[in-house]
Amino acid sequence: MQVQVRQILSKTIALLLAMQLFLIGFQAKSQIDQGNSSIETLIWMTQQYISVLVKIRSLQDKKEETDSQK
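Description of the structure in this document. In this text the structure is predicted, and so the values were computed from the model without any measurement.

With that settled, consider the layout of surface pockets. Space inside the largest pocket adds up to approximately 520 Å³. Around the largest pocket, the lining is made up of 17 residues, and of these R6, S10, I13, L59 and K63 lie nearest the centre. By residue number, the principal contributor to the lining of the largest pocket is helix α1 (residues 2-33), which donates 9 residues. Here the lining of the largest pocket is built from residues that sort into 7 nonpolar, 5 polar and 5 charged.

Take a look at the structure:
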């Protein structure tokens with residue numbers, strides 16, 4: 001039972017992170033449409049994506065740590 005709950009939570013987190021990436025892209029398009037420089041927007045997007053990737057990496061590390069303790 002606990003394994004199922006953990007799998008559902010993992011899939012939910014993955015979905016939310018994917019949605020966050022989509023929203024970053026959508027927000028970047030809005031910034032460009034509002035007249036912001038493409039380069040500035042690209043730099044902003046890169047900063048946003050890095051923070052998401054850091055979250056993903058920490059979640060992977062935690063998962064590997066719990067898997068190794070079993």
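Next up on the list: the nonpolar core. In a soluble, globular protein the nonpolar side chains are often hidden away together inside. Ranked by size, the top nonpolar core spans 6 residues in total: L17, I24, A28, W44, M45 and V52. Listing elements by their share of this core, those giving two or more residues are α1 and α2 (38-69). If near-sequence neighbours (up to four positions away) are discounted, M45 is found in contact with I24, G25 and A28.

Orientation of α1 relative to α2, taken along the N-to-C sense of each, is 170°, at an axis distance of 9 Å. Classified by the angle their axes make, α1 and α2 are roughly antiparallel. Residue-level inspection shows I13, L17, Q20, L21, I24, G25, Q27, A28, Q31 and I32 of α1 in contact with α2, the latter providing S38, T41, W44, M45, Q48, Y49, V52, K55, I56 and L59. For the contact of α1 with α2, the class distribution of residues is 12 nonpolar, 7 polar and 1 charged.

Let us look at α2. Between the first and last C-alpha of α2 there are 46 Å, a value that for 32 residues agrees with the 46 Å anticipated at 1.5 Å per step. Turning to α2, its buried residues are T41, W44, M45 and V52. On its buried face, α2 is in contact with α1. N-capping of α2 is provided by S37, with a side-chain oxygen placed 3.2 Å from the backbone N of I39.

Moving on: the pattern of salt bridges. Evaluated as defined, the whole model comprises 3 salt bridges. Across the pair D67 and K63 runs a salt bridge whose closest N-O atoms are separated by 3.2 Å. Of the two residues, D67 and K63 are both situated in helix α2; the distance of 4 residues between them amounts to about one turn of the helix.

Criteria and cut-off values
Residues numbered from 1 in each chain as written. Predicted model: local features only at pLDDT ≥ 70, side-chain atom pairs only at ≥ 80, totals over all residues. Heavy atoms only, no water. 1 Å grid on protein atoms, 1.4 Å probe; cavity = no way out; pocket = protein on both sides within 12 Å on 5 of 7 lines; lining within 4 Å. Points joined across faces, edges and corners; volume = space filled by probe spheres on them. Helix = DSSP H or I, 4+ residues; strand = E, 2+ residues; numbered from the N terminus. Nonpolar A, V, L, I, M, F, W, Y, C, P; charged D, E, K, R; others polar. Core = buried A, V, L, I, M, F, W, Y, C linked by side-chain atoms within 4.5 Å. Buried < 20%, exposed > 50% of the residue type's maximum accessible area, 1.4 Å probe, protein only. Contact = heavy atoms within 4.5 Å. Axes fitted to C-alpha atoms, helices over the stretch in contact; angles between N-to-C directions. Parallel < 35°, antiparallel > 145°, perpendicular 65-115°, else oblique. Expected span 1.5 Å × (residues − 1). Polar contact = N/O pair within 3.5 Å; in protein donor to acceptor, adjacent residues only side chain to side chain. Salt bridge = Lys/Arg side-chain N within 4 Å of Asp/Glu carboxyl O.

Worth remembering: the numbers are spatial, not functional.
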